[in-house]
Every structure is written in structure tokens, then in C-alpha cells.
Amino acid sequence: MEKYQGVGIGEAIAIGKLRLLRRHDQNVKCVQITDAEREKDRFRRAKTLALRQLQELLEKSLQEAGRDSAAVFEAHQMILLDKEFDESVFSMIDGQNVNTEYAVKLTAETFAERFAAMCDVYMTARATDVRDISDRLIRILSGAASQPMPSGEKVILCADDLTPSEAASLNRDRILAFVTAGGSFSSHTAILARGRNIPAVIGVGDKFLREVKEDDEAIVDGGTGEVIVNPDKEVRKMFSERQRTLTEKARLLQDLKGMENVTLDGKKIDIYANIGGVEDAASALANDAGGIGLFRSEFLFLERTDYPSEEEQFAAYKKVLEDMAGKKVIIRTIDIGADKQADYFRLKKEENPALGCRAIRLCLLRPEIFRTQLRALYRASVYGNLGIMFPMITAVSELEKILAICSQVKAELKQQEIRFSDRTELGIMIETPAAALISDKLACMADFFSVGTNDLTQYTLACDRQNPDVKQFADPHHEAVLRLIEMSAESARRHGIRIGICGELAADTTLTEAFLRMGIDELSVSPDLVLKVRRAVRGIDLSIPAQKIILLDS
Ligand code: PEP
Ligand code: MG
């Protein structure tokens with residue numbers, strides 16, 4: 001029995017045989033050609049077919065896993081449509097008389113290395129995308145099947161890394177789980193696994209692949225990130241029992257649909273869903289979310305070559321509001337910058353992008369982008385119950401400027417006789433220690449607060465959330481973080497405004513009781529966790545004094 005540790009995705013456990021993914025295109029040979037036109041034609045045909053396959057994958061992903069997952073294939077299409085890629089392939093074929101496969105492989109490697117060298121997590125991840133495209137083209141050129149898929153009994157797929165296309169093409173009927181030697185928690189592959197509900201452990205290290213054999217039996221624990229190969233009888237039995245318990249728990253959660261989020265002593269709160277795209281509203285509704293607590297609107301701006309127009313944005317916001325049919329929808333204005341980059345913004349390279357020109361700072365520095373988004377939001381407001389939320393607030397003066405711009409946008413719409421809802425609420429994210437510390441002042445000016453615990457933890461504890469090496473220091477349960485949340489809740493209560501939590505901590509059920517005692521009104525979590533949080537709320541009795549005083553008076 002051998003144990004390996006990686007990063008777990010999903011809470012499920014899978015037990016089964018390992019299938020090692022062998023890549024067929026490791027040996028692309030350089031062949032001298034005489035007919036360059038024929039080779040270029042082969043490339044054009046392969047590219048057309050690849051674009052068609054990507055379109056199919058995109059549509060499948062949209063249906064199965066939502067907008068974030070599908071965005072990967074849009075990105076692949078864009079890379080494939082990039083003129084520079086074509087030019088490089090053609091110039092190798094013409095200039096060096098090499099075969100198409102070789103020209104594609106070399107071009108992709110040059111592109112991938114360029115991306116990998118960028119000091120930016122988002123751009124580094126693009127290196128995998130380019131290699132994925134190269135694999136696809138070479139498979140097509142060599143006449144191989146479009147995707148490497150195991151057949152027969154359900155297996156645990158193991159690979160050095162899985163490209164996003166491979167993760168999206170995994171057939172749920174044949175795959176129990178997957179394990180990869182490389183990969184990071186925020187990679188597209190991880191996002192796809194989460195979106196498609198496939199348990200996975202990523203980043204177990206190369207040693208794993210060197211040591212395991214085809215058909216070895218293994219246990220993959222998506223909750224703990226553990227992979228146990230050739231478990232002994234006792235361990236296998238223990239995990240089988242845990243697996244049964246988890247399945248039963250998931251089944252029981254379904255019974256909570258339609259029930260209230262109410263504590264044993266009668267306190268009600270709202271449990272909303274966080275979404276990244278228009279299509280995710282369906283998943284929020286399917287999981288019985290009471291509303292949308294955070295729509296990360298910047299996802300509409302990523303994976304594209306130019307700004308979305310006012311019309312495009314209007315259509316997206318209107319659709320979510322209509323889909324949610326009168327339920328609260330809180331749309332956050334763009335949080336671009338730091339790890340979320342879009343080339344066309346042409347942002348300057350920063351030494352510390354998390355402390356740089358991101359989110360509301362960018363909007364205030366480039367008001368034309370901000371105004372376009374606000375116009376689209378206000379126009380959409382008549383189609384439902386909209387709240388607009390501003391990220392990364394640190395000062396009263398910022399909020400004053402924001403409110404002034406909102407008033408100007410509304411005045412302009414009025415003058416143009418364009419309808420908007422006057423009931424649209426304006427809220428702010430509490431995700432910097434500064435915002436929490438001056439929350440009493442901010443509460444006089446905002447309609448609601450929503451605590452972004454991911455950034456609040458990063459900024460309070462001085463731990464870059466993109467840096468896995470400081471993960472151990474970035475404890476969101478740290479008393480300093482909890483005190484700042486409590487302080488903000490107190491300010492909200494005193495000024496009679498609502499306060500929610502929309503960072504990852506909102507789904508941490510070990511803190512649900514503490515949050516309720518602080519007076520948090522709403523928890524917004526990823527759609528598949530809504531029922532889990534509902535169950536936690538329904539088991540709490542606030543009439544019993546708290547066991548442990550962790551906060552201000554401690
Ligand atoms: C947060 O910071 O907690 C948050 C919800 O925003 P994001 O994760 O998008 O930065
Ligand atoms: Mg944030």
C-alpha cells in the first residue's frame with residue numbers, strides 16, 4: 001500500500017483500477033517535404049476540423065458544466081484563430097521544408113514557452129492551452145481518434161497533466177475520478193472537474209506516475225487530496241464505508257430542497273449562490289438558491305479580444321435577472337487586474353498586482369469602462385431585483401466618487417428616456433482591512449455589505465492568495481479576519497443595512513454558527529454547496545449560549 005498527497009477536488013471518494021493515459025504524439029518526427037502547398041493545405045484542413053471539434057466541446061460544456069468551463073474552449077478557438085500561429089506554421093513549412101506536424105509542434109512549443117515565462121498565473125496557464133491545441137491538431141493530422149478515452153469498466157484516469165479539452169471530454173460513464181501528477185488548484189482543468197462533478201486529485205507529483213502500474217487498485221479522496229494505491233483490506237473497507245456515508249449524505253441533502261434556511265430557534269437567513277456566467281443561474285436555481293449573492297461580471301470580459309459592448313452586457317445581465325424571476329441578483333462590477341487579466345485592457349505589468357490597479361481602482365481610473373457597465377446594469381435593472389456591488393473598496397472617497405458616477409449615469413438614462421429601476425441597491429464588498437475598519441462610515445453610504453473573505457484573508461494576513469507556498473499562513477479562521485468580519489457586521493447592524501459573506505468562507509460550516517451570531521444576513525456559496533449550508537443552518541440553536549468566544553471580547 002502506498003499513499004500520495006495532492007490537492008483534492010470535490011468531496012467524493014472513488015475506488016477502482018488505475019488507467020494510465022499514454023500520449024501518442026510524443027514523437028513527432030521532422031520530415032523534409034517537397035510540396036509545401038500540400039502541407040499548408042493539410043494544416044488548413046486540420047485547423048477547420050479542430051475548430052469544429054472545439055465548437056462541439058464548447059456547446060457540450062455549456063450544457064453540462066456552465067460558462068466558466070466552456071470559456072476554455074473559446075480560448076482555444078481564439079488561439080487557433082490567431083494569425084501569428086498560422087504565420088509561424090507556414091513560415092516553417094516554406095522556409096525549412098518541414099512537415100506540418102513538426103511545424104505545429106514547434107510553433108506551439110514557442111508559444112507555450114512564451115506564456116510559461118510570464119510572471120502571471122493566468123497567462124502561465126495558457127501554456128497548457130497551447131499544448132492542448134497542438135495535441136489536437138497532431139491527432140487530426142495523424143488520423144488518430146479525437147480524444148484518448150478508456151473503454152470497458154469504469155476507471156481512475158492517471159496522467160502527467162490533463163488538458164482542459166481532455167477533462168471536458170471525459171465520459172462520466174467510464175471515469176470514476178482522475179489523478180494528475182501536475183496541475184494547480186485554480187487551473188482550468190480543476191475548474192472543469194469541479195463543474196462536471198468529477199472527483200479528482202491534482203498535483204500528486206511525478207513520483208506517483210513512476211511508481212504506479214496499469215490496473216493497480218486505488219482510492220481517490222477528492223475531499224482530502226489523498227490517493228492510496230493498492231490499499232490493504234482494512235483501509236479499503238474503511239474508505240468503502242466513508243464512500244457510502246458520503247453518497248447517503250448527498251442524497252439526504254436533496255430532501256432539503258424547498259425548505260427554509262432557519263435555525264432551530266427560528267432565525268432565518270438567506271443562502272444565495274455565486275456565479276461566474278449567465279448559464280450558471282440554472283445551477284443556482286436547481287440547487288434551490290434564494291438568489292445570486294455574487295455574479296463575478298469580469299468573467300464576461302475574460303477570454304475575449306475586446307471589451308463587451310453595452311448591448312452585450314445588457315443582454316447578459318437581463319438574462320440572469322429574468323432567469324432568477326424576481327429573486328435578488330447581486331452583480332459585482334468588474335474585478336479585473338491581479339490574477340484576472342484581459343490583454344485588451346493593456347494593463348501595465350505590476351510588481352505586486354494584488355496591491356495594484358485592480359477592481360474598483362481600475363474602474364475609477366478608466367471611467368468610460370465603468371460607465372458602460374453601469375449603463376448596462378441600470379438598463380437591465382427593470383427585469384428583476386438587482387443589487388450592484390463594488391469590489392476592493394478601501395476609502396470613503398472612492399464610494400463618494402462611485403455614487404456620483406451612478407447618479408450621473410441615471411440622470412443620463414433619464415434624459416434619454418431609458419427606463420431603469422430606482423430600487424436598484426448599491427452595495428460594497430468588504431474585502432480589505434481598511435473597508436472593515438471604516439465600515440461604520442461606509443455603512444452610512446451603502447445599501448448593503450458583502451464580505452469577500454478570499455481577499456480579506458489575503459490582505460489581512462499578508463498572504464498572496466496565488467502563492468501555494470504561503471498557503472499554510474493564509475488561515476481564514478485567523479482571529480484577525482474574524483474580528484474584521486464581526487466589526488463590519490456590527491456597523492451594518494447599527495446602520496440598518498444588510499451584510500452577507502460571498503467569499504469561500506461562507507461555505508465553511510464550522511463557522512456558520514459564528515456568522516449567525518455576528519448577525520450575518522446572507523451566505524453566498526457555489527451552487528452545489530447551497531444545501532450543505534442550509535443543513536448546517538437548520539442544525540444551529542442560537543438560544544444556547546456560544547461554546548467558545550472567539551471574537552471581539554476574547
Ligand atoms: C473574495 O475576495 O472573497 C471574493 C468573493 O472575490 P474574488 O474571489 O472574486 O476575489
Ligand atoms: Mg475578492
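Given the structure is predicted, the values throughout are model-derived calculations rather than measurements. Each chain has its residues counted from 1, running along the sequence as written. For naming, the first written chain is A and the first written ligand is 1, with later ones following in the order written. Given that this is a predicted model, residues contribute local features only at a pLDDT of at least 70 and side-chain atom pairs are listed and counted only at 80 or more, while totals for whole chains, interfaces and linings are drawn from all residues. Heavy atoms throughout the structure, all of them, feed into the side-chain values; hydrogens and water do not.

Caption draft 1: Looking closely at the coordination of the magnesium ion (ligand 2). Any nitrogen, oxygen or sulfur atom within 2.8 Å of a metal ion counts as a donor, with the limit raised to 3.2 Å for Na, K and Ca, and since water is left out, coordination shells can look unfinished. In this structure, E431 (OE) and D455 (OD) serve as the protein donors to the magnesium ion (ligand 2), at separations of 2.0 to 2.2 Å. Taken as a pair, E431 in the loop between β13 (425-430) and α15 (433-437) and D455 in helix α17 (residues 453-461) lie far apart in primary sequence, 24 residues in all. Only DSSP runs of H or I reaching four residues or more are called helices, and only runs of E reaching two or more are called strands; each is numbered from the N terminus.

Caption draft 2: Fine view of the environment of I198. Inspection of the secondary structure puts I198 in the loop between α7 (188-195) and β6 (200-202). Along the chain, I198 and E59 lie 139 residues apart, while their C-alpha atoms are 19 Å from each other. We call two residues in contact whenever any of their non-hydrogen atoms come within 4.5 Å of each other. What I198 contacts, discounting residues up to four positions off in sequence, is I9, L170, R172, I175, A177, F178 and A193.

Caption draft 3: Seen up close, the sheet that holds strand β2 (residues 7-9). Pairing between strands is defined by DSSP: at least two bridges between them are needed. Pairing within the open sheet is mixed, and its eight strands lie in the order β1-β8-β7-β3-β4-β5-β6-β2. The outermost strands of the open sheet, each flanked by one partner alone, are β1 (2-5) and β2. On average, each strand axis in the sheet is tilted by 30° relative to the strand beside it, whichever way the strands run. Angular values range over 0 to 180 degrees, each being the angle between N-to-C directions of two axes fitted as lines to C-alpha atoms, with helices fitted over their stretch in contact.

Caption draft 4: Highlighting the sheet that holds strand β16 (residues 522-525). Read around the closed barrel, the eight strands follow the order β9-β10-β11-β12-β13-β14-β15-β16; overall the barrel is parallel. When the angles between neighbouring strand axes are averaged without regard to direction, this sheet yields 25°. Both strand β9 (residues 270-275) and β16 contribute to a ladder of four bridges, which runs parallel. Directly across from A273, in β16, lies its bridge partner V525.

Caption draft 5: Summary view of the domain arrangement of the protein chain. Each assigned domain of the protein chain is listed with its residue range as follows: domain 1 (2-23 + 149-252), domain 2 (36-142) and domain 3 (269-538). Where each domain begins and ends is defined by an automated method or by a domain database. Inter-centroid distance (C-alpha atoms) of domain 2 to domain 3 is 35 Å.

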